[in-house]
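Architecture at a glance
This is what each chain is made of:
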Amino acid sequence: MDRFGIKEIVCKECNTRINNNSLLSVSASATTEEEVGAPGTADLPWSELGFEFRPTKSHLRMVYRDGKWGESELVESPYLNVHIGATALHYGQSCFEGLKAFSHDDGSVYMFRPDENAKRINKSAERVMMPEIPTKTFIQACNDVVKDNIAYVPPYGSGGALYLRPLLFGSGPKIGLQPAEEYTFIVLVIPVGDYYKGGLAKPVDGLIIDEYDRAAPKGVGAAKVAGNYAADLIPNMEAKKMGYPICLYLDAATHTKVEEFSTSNFIGIDNENKRYVTPKSPSVLPSITNKSLQTIAKDEGMAVEQGDIEIGELTGFDEVIACGTAVVVTPVGSLTRLDASGEEASKYEFTEDVGETTRRLYDQVRSIQNGEVDDKHNWNFKVQ
């Protein structure tokens, strides 16, 4: 601990010791609760929040021109004036992130693992030839927009969070296929509750998708680019019409291996053998929530396995989880596969109620996010 009570972490890349708040330009000793403000003071139905857009006070905006990032600004208008030749519109030069900020019992607000989001957005940006956002700049931007919208952070005990959506896109005009010379980075915020109604109250039923693929081998599946999600719109809507709120995709090459859910990573739990199993594929987006749950599972003595999961291996799991920033942890009660005529060909059933391991992992990660247990892995970044 340093003299401000902030835990230190080791930066492997630079072989030096740093603390989370050193990545922000505001010193911890100069910050007071009065300066940040009180969370949960906006006039909103905190207990009724779902995962949907709601207007807030502002979003943060930065522009990249002439090879460098300009100063950030907080903008109250929810509209952007975009050039008609912007590469994001024509060639999909766009990527985004998702992270959350949580109120703690003492009135402070913390972001969960924004350093990991900074790494991931830069990997996505590299894949589609967009400029890097320095980690310190990214975290400071997230800090500043949360601070400006502090009233919209759901209060402690409400079960909600302030969802941050950093978005980087080519805003400069190019008509030939090439990267833009200008880029815009924004961070918008939305107070949210559960992605699926009921949260952990009841497992959801999933549909295994055969008629569509989410991402091709050696494509952009591991990058959080906008186009990946457009590919899921039709199957997602069709599945919901049939009563399945979540879709599971298989590998595009053979349709024999589990890859990931529409917006979430796949986790299979084998309680008898204390196994936590998740796919390892170049087409799967690395989930920060999954990474966190893997660490928690290892802490609890579970064997964490990453590799190919054949579709038949679903019978070996007691519990199946969809995990991600938006859903956090969603228990999946069954996965159904249809034949060419639309009739049920096979059905894999798991727990009817929330599984013991699902509940335990969820409770632990939420307790860390809410500041209710020791943050021994230094995942929380204080808004200041």
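In this text, all values refer to a predicted model and were calculated from it rather than measured experimentally.

Turning to the overall build of the protein, a few remarks are in order. Check the secondary structure of the protein and you find eight helices and 20 strands. Computed over C-alpha atoms, the radius of gyration of the protein comes to 21 Å, within 12% of the 21 Å expected from 2.2 N^0.38 for 384 residues, which places it in the range of a compact globule. Seen through its C-alpha atoms, the protein measures out along the principal axes to roughly 60 × 55 × 45 Å. Across the 384 residues that make up the protein, the buried fraction comes to 52%. Carbon and sulfur atoms make up 49% of the accessible area of the protein, which amounts to about 18,100 Å² in all.

Next up on the list: the side chain of Asn290. Considering the arrangement of structural elements, one finds Asn290 in helix H7 (residues 288-299). With a relative accessible area of 2%, Asn290 lands in the buried category. At 2.6 Å, the side chain of Asn290 forms a polar contact with the side chain of Tyr276. In this structure Asn290 touches Asn265, Phe266, Ile267, Tyr276, Thr278 and Cys323, once residues within four positions along its chain are discounted.

Now for the packing of helix H3 (residues 114-127) against helix H4 (residues 135-148). The contact between H3 and H4 brings their axes to 9 Å, and the two run at 125°. As the angle between them shows, H3 and H4 are arranged oblique. Considering only the axes of H3 and H4, their crossing is right-handed. Residues Pro114, Asp115, Asn117, Ala118 and Ile121 of H3 lie in contact with H4, whose contacting residues are Thr135, Phe138 and Ile139. Its residues placed into classes, the contact of H3 with H4 shows five nonpolar, two polar and one charged.

Bringing a negative patch on the surface into the picture now. A surface patch of like charges, here negative, comprises Asp205, Asp339, Glu343, Glu344, Glu349, Glu352 and Asp353. One can find Glu344 in strand E19 (residues 344-349).

Their axes nearest at 10 Å, the elements H7 and helix H8 (residues 356-369) cross at an angle of 110°. Between H7 and H8, the angle falls in the class roughly perpendicular. In this structure, the crossing between H7 and H8 has a hand that is right-handed. Every residue of H8 that contacts H7 at Leu293, Ile296 and Ala297 is listed here: Leu361, Gln364, Val365 and Ile368.

Assignment of secondary structure puts Pro155 in the loop between H4 and strand E9 (161-170). Judged by relative accessible area, Pro155 falls into the partly exposed class, the value being 26%. Taking C-alpha positions, Pro155 is 9.9 Å from Ser47, a pair spaced 108 residues apart along the chain. Those residues within four positions of Pro155 in sequence are excluded, and the remaining contacts are Gly40, Trp46 and Ser103.

Moving on, we come to helix H6 (residues 233-241). The complete set of buried residues in H6 reads Pro235, Asn236 and Ala239. One face of H6 carries all of its buried residues, which in axial projection span an arc of 100°. Summarising the geometry of H6, the exposed residues directed more than 90 degrees from the buried face are Leu233 and Lys241. Where H6 is buried, its residues contact strand E11 (204-209) and strand E12 (246-250). Taken from the residues just after H6, Gly243 is the one with a positive phi, measuring 95°.

With that settled, consider the packing of aromatic side chains. Under the definition given, this model contains nine aromatic pairs. Here the aromatic rings of Tyr64 and Trp69 are separated by 5.2 Å at their centres, their planes lie at 65°, and the arrangement is edge-to-face. Trp69 sits in the buried class, given a relative accessible area of 17%. In textbook terms, an aromatic cluster arises when at least three aromatic residues are bridged by ring pairs, as seen for Tyr64, Trp69, Phe138, Tyr183 and Phe185.

This part is about the nonpolar core. Counting 36 residues, the largest nonpolar core has Trp69, Met111, Phe138, Val146, Leu164, Leu168 and Phe185 as the members making the most contacts within it. Elements with a contribution of two residues or more to this core: strand E3 (59-65), strand E7 (99-103), strand E8 (109-112), H3, H4, E9 and strand E10 (183-192). Take this core: its biggest share by element is six residues, from H4. Here Leu164 is in contact with Glu97, Gly98, Leu99, Lys100, Ala101, Met111, Cys142, Val145, Val146, Val187, Leu188 and Val189, once residues within four sequence places are set aside.

Criteria and thresholds
- Residues numbered from 1 in each chain as written.
- Predicted model: local features only at pLDDT ≥ 70, side-chain atom pairs only at ≥ 80, totals over all residues.
- Heavy atoms only, no water.
- Helix = DSSP H or I, 4+ residues; strand = E, 2+ residues; numbered from the N terminus.
- Rg over C-alpha atoms; globule rule 2.2 N^0.38 Å.
- Buried < 20%, exposed > 50% of the residue type's maximum accessible area, 1.4 Å probe, protein only.
- Areas by Shrake-Rupley, 256 points an atom, 1.4 Å probe, with all protein chains shown as cover.
- Polar contact = N/O pair within 3.5 Å; in protein donor to acceptor, adjacent residues only side chain to side chain.
- Contact = heavy atoms within 4.5 Å.
- Axes fitted to C-alpha atoms, helices over the stretch in contact; angles between N-to-C directions.
- Parallel < 35°, antiparallel > 145°, perpendicular 65-115°, else oblique.
- Left-handed = near helix turned anticlockwise from the far one by under 90°.
- Nonpolar A, V, L, I, M, F, W, Y, C, P; charged D, E, K, R; others polar.
- Patch = residues over 30% accessible without salt bridge, like charges linked within 9 Å, V, L, I, M, F, W, Y side chains within 5 Å.
- Salt bridge = Lys/Arg side-chain N within 4 Å of Asp/Glu carboxyl O.
- Lys, Arg positive; Asp, Glu negative; His and termini not counted.
- Charge placed at Lys NZ, Arg CZ, Asp CG, Glu CD.
- Arc of directions from axis to C-beta.
- Phe/Tyr/Trp six-rings, centres within 6.5 Å; stacked < 30°, edge-to-face > 60°.
- Core = buried A, V, L, I, M, F, W, Y, C linked by side-chain atoms within 4.5 Å.

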